[in-house]
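Listed below, chain by chain, are the residues.
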Amino acid sequence: MNSDDSFYISTPIFYVNDRPHIGHIYTATIADIVARRQRMIGREVFFLTGTDEHAAKVVDAASDRGLSTRAWADQNAGAFRKAFQDFGISNDDFIRTSEQRHIEFVEKVVSDLEATGDVYLGQYEGWYDVSQEEYVPESRAKEHEFCSPVTRKPLVRRAEENYFFRLSEYSKPMLELLERNPDFVKPEARKNEVIGRIKEGLADVPISRTGGGDWGVSFPGNPKHMIYVWIDALLNYASAIDLDRRRHYWPATVHLIAKDILWFHAVIWPSLLMAISKARGNEWLSVPNTVYAHSFWISEGQKMSKSLGNFIDLEQLHGYKERFGLDALRFFFATQGPLDTMDGDFSRSRFIEVYNSDLANTVGNSWNRIVNMTRRYCAGRLNRKVDGEGLGAELERIASKKPQDSLGVGYVSHGVEMIKAIDSYIQETQPFKLAKDASNSSQVEEILYRCAEAYRIASLYLWPALTEKMTEVWYRSGLLSYTEVLKNRGSGDLEQWTAWGGLSEGTELLEGPALFPRYSEE
Ligand code: ME8
């Protein structure tokens, strides 16, 4: 079991047949926001991402370009690594399935499973979805007119001698797991889909292929067979843990994925882990706490596709970053993304609308007003430290609400609500009017302290998404030590930080450029 204060979050490992796009950056950003918040509340976080390299489509994409598979995989793995840096992702490790540490682990596990009989040699014939690298059961193939349920590309008939994983043995343990741990699959509706499909019955699954070249991990003792890319891929979550050094992070707290790969994560992966535990003794690798499957981004109202030309690629994302700032993109992902069971539409007009209303007019403007009034009426300093009367109770009410998603991403919206509460408070108390009469000066000082202090509290809710701009706010209000605390993982204490009164008397608020300048298309 992992220690209570550790928190292990992963993204899928992404195929290197092409460069990253919005979907990959989205999942990584959400995982990043979760990871940052968990570090903030004092957990010791391990945040893993990486690349899935041994897929046939990587081989095909490389040969289309006249490159070696290795060269193409290296190039794209590099592109993922760079993109994650460019978009502020704070992953602790980046695993590639072509690394030796991973390959050795896969070989060891597969040998163990062969020894217990959970993996055996047999015959398979069925419908294969080349675009998704998976077999599709007869009934599902029929239902989708023998096309890929995901990409609509025609399925192909494949027959082969394969090694199989005895998944059929795990229906009962899987149903028990889902019963015992109601948080195992999130959101709730996804869990019901999974339970429904398990109840239809689980068949053994092929886990090797032959004749597809030598790009992959060969089956231990029978190198004619290569280990199927999905088994190879799922094991990354364990191989990266480096069982001596990072053992205390196990089991994973959350595997964050999208709905397209839910079955692999919610059924095959835990079954595999149960089989591994059987081989190695109980609890060697126990099942994750939660598999969280978000939905898809679509674009301008339609499914994204290369042929429609509405694919939001890396260049476009860089365009948003340059024009609006990285924080604006992260904020849009956090508050408008398909985190639940509905797909989310990424449209430029919506992006601008959210940017202007939440960031320019609320988060940015409110800070600007507080600083300007403090400079104008109080020589730039918060001269009077007071309690939160008139504002504190409202902040507490907002803070006590549970966000809709179980990951806690919704806390970002709490920060915006808190800032709206500051704006209402300014509206009610009218410090700009009071300041006209010098005899009100202490009252004005009190109001401005309350606003700045409430903003400080809101900034802590916003920081996991708005990391650059809230760090800037901390700089402008003498709180730069926060960033030092956050660098030392696990030393943050959010309760203490968000308690009223963090800003000391005499704090100077510094002027600076607008945090989020209003955007207009002209
Ligand atoms: O499936 N909207 O890799 P992959 C939101 N290698 N998220 C999206 C998205 C969209 N339109 N499109 C993709 C694989 N994603 C395997 C995984 S894990 C052991 C192996 C995101 O490169 C989302 O996280 O096809 C989805 O699950 C993932 O990219 C699929 O990435």
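Refer to the structure above for everything that follows.
As the structure is a computational prediction, the values presented were derived from the model and not from experiment. (Residues numbered from 1 in each chain as written. Predicted model: local features only at pLDDT ≥ 70, side-chain atom pairs only at ≥ 80, totals over all residues. Heavy atoms only, no water.)

Student: Which residues make up the overall build of the protein, and what are the values?
Tutor: On a plain count of helices and strands, the protein comes out with 20 helices and 14 strands. The globule rule puts the C-alpha radius of gyration for 522 residues at 24 Å, and the 26 Å found for the protein is close to it. Counting only C-alpha atoms, the protein reaches 90 × 50 × 40 Å along its principal axes. Taking all 522 residues of the protein together, the buried fraction comes to 57%. A separation of at least 24 residues holds for 78% of the contacts in the protein among residues at least 6 apart in sequence. Just so you have it, the protein exposes about 21,900 Å², and 47% of that area is on carbon and sulfur atoms. (Helix = DSSP H or I, 4+ residues; strand = E, 2+ residues; numbered from the N terminus. Rg over C-alpha atoms; globule rule 2.2 N^0.38 Å. Buried < 20%, exposed > 50% of the residue type's maximum accessible area, 1.4 Å probe, protein only. Contact = heavy atoms within 4.5 Å. Areas by Shrake-Rupley, 256 points an atom, 1.4 Å probe, with all protein chains shown as cover.)

Student: Tell me about the site of the ligand, and name the residues and values.
Tutor: In the neighbourhood of the ligand, 23 residues make up the surrounding shell, with Ile 13, Thr 27, Asp 52, Asp 260 and Trp 297 lying closest. Note that a nitrogen atom of the ligand is positioned 2.7 Å from one of the side-chain N or O atoms of Asp 52. Backbone polar atom of Trp 297 to a nitrogen atom of the ligand: 2.9 Å apart, as the coordinates give it. Here the ligand, which alone exposes 670 Å², has 92% of that area covered by the protein. Of the residues assigned to the shell around the ligand, the class counts are 13 nonpolar, eight polar and two charged. (Near = heavy atom within 4 Å. Polar contact = N/O pair within 3.5 Å; in protein donor to acceptor, adjacent residues only side chain to side chain. Nonpolar A, V, L, I, M, F, W, Y, C, P; charged D, E, K, R; others polar.)

Student: Provide a residue-level description of helix H18 (residues 467–476), including the pertinent values.
Tutor: Listed in full, the buried residues belonging to H18 are Thr 467, Met 470, Val 473, Trp 474 and Arg 476. Contacts made by the buried residues of H18 are with helix H1 (22–40), helix H12 (326–336), helix H13 (348–378), helix H17 (441–462) and helix H19 (481–487). Positive phi appears at Gly 478, one or two residues downstream of H18, with a value of about 70°.

Student: Any chance you could break down the sheet that holds strand S5 (residues 134–136) for me, citing the residues and the numbers?
Tutor: Sheet architecture is open: four strands sit in the order S5-S4-S6-S8, paired in antiparallel fashion. Each edge of the open sheet is held by one strand with a lone partner, namely S5 and strand S8 (205–206). Of the pairings in the sheet, the one linking strand S4 (residues 119–129) to strand S6 (residues 156–165) comprises 10 bridges and is antiparallel in character. Following the sheet pairing, Trp 127 is matched in S6 by Arg 157. (Pairing = 2+ DSSP bridges.)

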